[in-house]
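Here is how the chains run, residue by residue.
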Amino acid sequence: MQFLILDLETTGLDKNKDRILAGGFYDDSSNKFRVEYQPFSARTISSLGDAETTKIGHNIGFDTGFLVKAGYKVRGTLLDTRTLVFQFNPYNKLKLKELGKSLFNKEVIEFKSTFGQLLDIKDQVVMIKKHGKERQFSIGILESYIKQDIEITKALFDLFYGKSGEWFNTVELTLQSIICDMENNGMYVDIQKIAELDRIWSNKINEIESAYELNLRSPKQVMSYLGAVTGNNPRSTDKISLMELSGNVPEANGILEHRELSTLVSRYTKPFLSGCT
């Protein structure tokens, strides 16, 4: 797999207000780490825009969001090492520095927490704001910090990618790229199709309701009705209980379908239509 590992340092967390200060990159073709400042090199720009190169990062959506906002084209599969690690460590902290310490016993630099908010880079020094005052630090400190994060990200990829299961490879990888694309570029919504579905589902809801002499939205009335039909009061009217009854009690199927369609209409089609009018 052809890949590019990346990590950005920014002035803050909001891609619409903050900006990129520097980027760290590691690609499999050179096996070398590099730090770049904007505008990024032709090599990096080419790798970012190459659909055959997988982009790897810890919380990759953060980095790609800033890159797209800054005008760079990002194509190809996106692999988030945070999601990758979650498969094997679902109950542990997933912050990059924490993983560096817990999995690799690394002494990590906590740059921002130690030195404050990154402001700018001028004349080979990093401008930092801490406690309301601007201070200067060597640019070497910033580059060491970026290199450390790239090394930990690469170590996570090397350790876990070969062990990843079918779900991660077929679902998570695809979803990560789709979600980032939606966040960065928006998505197309076919309002006419949604309106058509809303009409169909609403008509079906009315049809189901007309077949029952009770309020299907009332758990109490549904409980009483099912008790009368079966001769025993069900333990609950939740989805699982209704599914258990549906094999022997046809009336439960109608109630289940009513619930599902009501959820689709109330949570999806109606909000979309009201938000787009």
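Above this text is the structure in question.
About the criteria used
- Residues numbered from 1 in each chain as written.
- Predicted model: local features only at pLDDT ≥ 70, side-chain atom pairs only at ≥ 80, totals over all residues.
- Heavy atoms only, no water.
- Core = buried A, V, L, I, M, F, W, Y, C linked by side-chain atoms within 4.5 Å.
- Buried < 20%, exposed > 50% of the residue type's maximum accessible area, 1.4 Å probe, protein only.
- Helix = DSSP H or I, 4+ residues; strand = E, 2+ residues; numbered from the N terminus.
- Contact = heavy atoms within 4.5 Å.
- Salt bridge = Lys/Arg side-chain N within 4 Å of Asp/Glu carboxyl O.

*Asks:* It is not clear to me how the nonpolar core should be interpreted in this structure. Could you clarify?
*Replies:* As a rule of thumb, nonpolar side chains are buried together in soluble globular proteins. Phe3, Ile5, Ile56, Leu79 and Leu156 are the most contacted members of the largest nonpolar core, which has 17 residues in total. When residues of this core are traced back to their parent elements, those giving at least two are strand S1 (3-10), helix H3 (81-86), helix H4 (96-104), helix H6 (139-160) and helix H7 (166-185). If one sorts the elements of this core by residue count, H6 sits on top with five residues. In contact with Ile5, other than residues within four places in its own chain, are Gly24, Phe25, Tyr26, Ile56, Ile150, Thr153 and Lys154.

*Asks:* Mind showing me how you'd approach the pattern of salt bridges here?
*Replies:* If charged atoms from side chains of opposite charge come close, those side chains can pair. Considering all chains together, one arrives at 12 salt bridges under this definition. Linking Arg43 and Asp27 is a salt bridge whose minimum nitrogen-to-oxygen distance equals 3.0 Å. A residue pair is termed long-range when its members are at least 10 positions apart, and Arg43 in helix H1 (residues 42-49) and Asp27 in strand S2 (residues 20-27) qualify at 16 residues. Relative accessible area serves as the criterion here: at 41%, Arg43 is assigned to the partly exposed category. Take Asp27: its relative accessible area is 3%, and that puts it in the buried class. Of the charged contacts, one joins Glu36 and Arg34 as a salt bridge, the two residues approaching to 2.9 Å between their closest N and O atoms. By sharing partners, the salt bridges in this structure join Asp27, Arg34, Glu36 and Arg43 into a single network.

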